[in-house]
Amino acid sequence: VDELVIKMQRDMEYLHGLRMCEHLINSAHERGEALICAIFDYFCKFHRDQLLGIDGGGILKVEREVTVSCGRADRVITHRDGSITAVEIKAAGDLRSKAGGLGQVLMYAEALRKEHHGKEVRAALVVGGDAPGNECLVNACLRADVAFLPITSGYVDKFMSEAKLTWDCFSEIAKNGKQEA
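Just so we're clear, the structure is a prediction, and the values are computed from it rather than from any experiment. The residue numbering used here restarts from 1 in each chain and proceeds along that chain's sequence as written. The predicted origin of the model limits local features to residues at a pLDDT of at least 70 and limits the giving and counting of side-chain atom pairs to 80 or more, whereas totals for whole chains, interfaces and linings rest on all residues. Each side-chain value is worked out from all heavy atoms of the structure, with water and hydrogens disregarded.

Any chance you could explain the overall build of the protein here in plain terms?
Along its length, the protein carries 5 helices and 5 strands. In this description a helix means any DSSP run of H or I spanning at least four residues, a strand means any run of E spanning at least two, and both kinds are numbered starting from the N terminus. Counting from the amino terminus, helix and strand elements in the protein follow one another as α-α-β-β-β-α-β-α-β-α. Across the 181 residues that make up the protein, the buried fraction comes to 39%. Residue contacts are counted whenever heavy atoms from the two residues lie within 4.5 Å of one another. Summarising the internal contacts of the protein: among those between residues at least 6 apart in sequence, 55% fall at separations of at least 24. Here the open area of atoms and residues is found with the Shrake-Rupley method and a 1.4 Å probe, where only the protein chains shown may cover a residue. Total accessible area computed for the protein in this model is approximately 10400 Å², and 55% of it derives from carbon and sulfur atoms. Relative accessibility under 20% of the residue-type maximum defines a buried residue, over 50% an exposed one, and the middle range a partly exposed one, all with a 1.4 Å probe and only protein chains included.

Given below as structure tokens:
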């Protein structure tokens with residue numbers, strides 16, 4: 001029975017990986033916020049214990065588009081230690097838009113803290129692109145105790161080529177009707 005459970009779990013991970021790669025590839029033509037969100041979601045799913053310097057003992061759950069009293073947070077992460085991180089995602093754009101994201105995520109974090117009766121809530125700003133002025137934004141995030149998580153265009157290109165390779169491998173496995181252990 002244990003072997004069957006392990007095989008079922010492996011098959012579910014395989015199918016989820018296939019769906020994630022398909023979503024990434026389908027989002028690639030936009031090169032906007034949908035792609036940055038897809039990359040962030042992929043990272044949260046497959047690297048649950050290493051969210052770029054955000055403590056909390058790893059990721060327990062990620063919720064998308066969470067309505068709070070002052071708006072809608074792009075992502076809300078519940079960590080294994082019970083703490084929460086509010087996440088605002090901004091695609092490549094001007095500095096003003098990204099700076100607005102800093103204000104948004106601070107408000108979302110405060111709203112979540114109140115909704116969860118004083119529980120620890122962190123804030124993170126995920127920014128796509130290589131816009132000039134990011135250094136100023138990084139310093140503002142540091143002053144506000146907000147994690148700054150950049151997804152540069154070089155990273156997007158590298159990530160997408162790896163996703164395409166993974167997609168090709170999944171497709172080959174599906175075509176041959178077998179899965180390697």
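Sorry if this is basic, but what is going on with the side chain of H79 here?
Structurally, H79 can be placed in strand 2 (residues 71-79). A relative accessible area of 2% places H79 in the buried class. Polar contact is the term for a pair of N or O atoms within 3.5 Å; when the atoms are in protein, one must be able to donate a hydrogen and the other to accept it, and sequence-neighboring residues count only if both atoms are side-chain atoms. A polar contact of 2.6 Å, which involves the side chain of H79, links it to the side chain of T85.

Hey, could you run me through the sheet that holds strand 3 (residues 84-90) in this one?
Across a sheet, strands are paired by hydrogen bonds formed along the backbone, either parallel or antiparallel in direction. Pairing between two strands requires that DSSP report at least two bridges joining them. The strand order across the open sheet built from 5 strands is 1-2-3-4-5, with neighbouring strands paired in mixed fashion. The open sheet terminates on both sides in strands that have one partner only, identified here as strand 1 (59-68) and strand 5 (146-151). On average, each strand axis in the sheet is inclined to that of its neighbour by 25°, with strand direction left out of account. Relative to strand 3, strand 2 runs antiparallel, the two being bridged by 4 bridges. When the sheet's bridge partners are listed, I77 is paired in strand 3 with T85. Only the stretch in contact is used when fitting a helix axis, every axis being a line fitted to C-alpha atoms; angles between N-to-C directions are given from 0 to 180 degrees. Of the strands in this sheet, strand 1, strand 2, strand 3, strand 4 (121-128) and strand 5 are in contact with helix 3 (residues 95-115), which crosses strand 3 at around 155°. Its contacts with the sheet place helix 4 (residues 134-144) against strand 4 and strand 5, and it is angled at close to 150° to strand 5.

Hey, could you run me through the pairing of strand 3 in this one?
For strand 3, the tally of buried residues reaches 7 of 7 residues, placing the bulk of the element in the interior. Residues I84, A86, E88 and K90 of strand 3 are buried on one face, and the alternating residues T85, V87 and I89, pointing to the opposite face, are buried as well. In sequence, strand 2 turns back onto strand 3 through a hairpin of 4 residues, with G82 there showing a positive phi of about 95°.

Would you explain the packing of helix 3 against helix 4 in this entry?
Relative placement of two packed helices is described by the angle separating their axes and the distance separating the axes. In the contact formed by helix 3 and helix 4, the axes pass within 10 Å of each other and the chain directions differ by 10°. By the angle between their axes, helix 3 is roughly parallel relative to helix 4. On helix 4, the residues touching L95, K98, A99, L102 and L106 of helix 3 are N134, L137, A140, C141 and A144. Taken together, the residues of the contact of helix 3 with helix 4 break down into 8 nonpolar, 1 polar and 1 charged. Oblique is the label for every angle not falling under 35 degrees (roughly parallel), over 145 degrees (roughly antiparallel), or within 65 to 115 degrees (roughly perpendicular). Here the nonpolar group is Ala, Val, Leu, Ile, Met, Phe, Trp, Tyr, Cys and Pro; Asp, Glu, Lys and Arg are the charged ones; every other residue, Gly included, is treated as polar.

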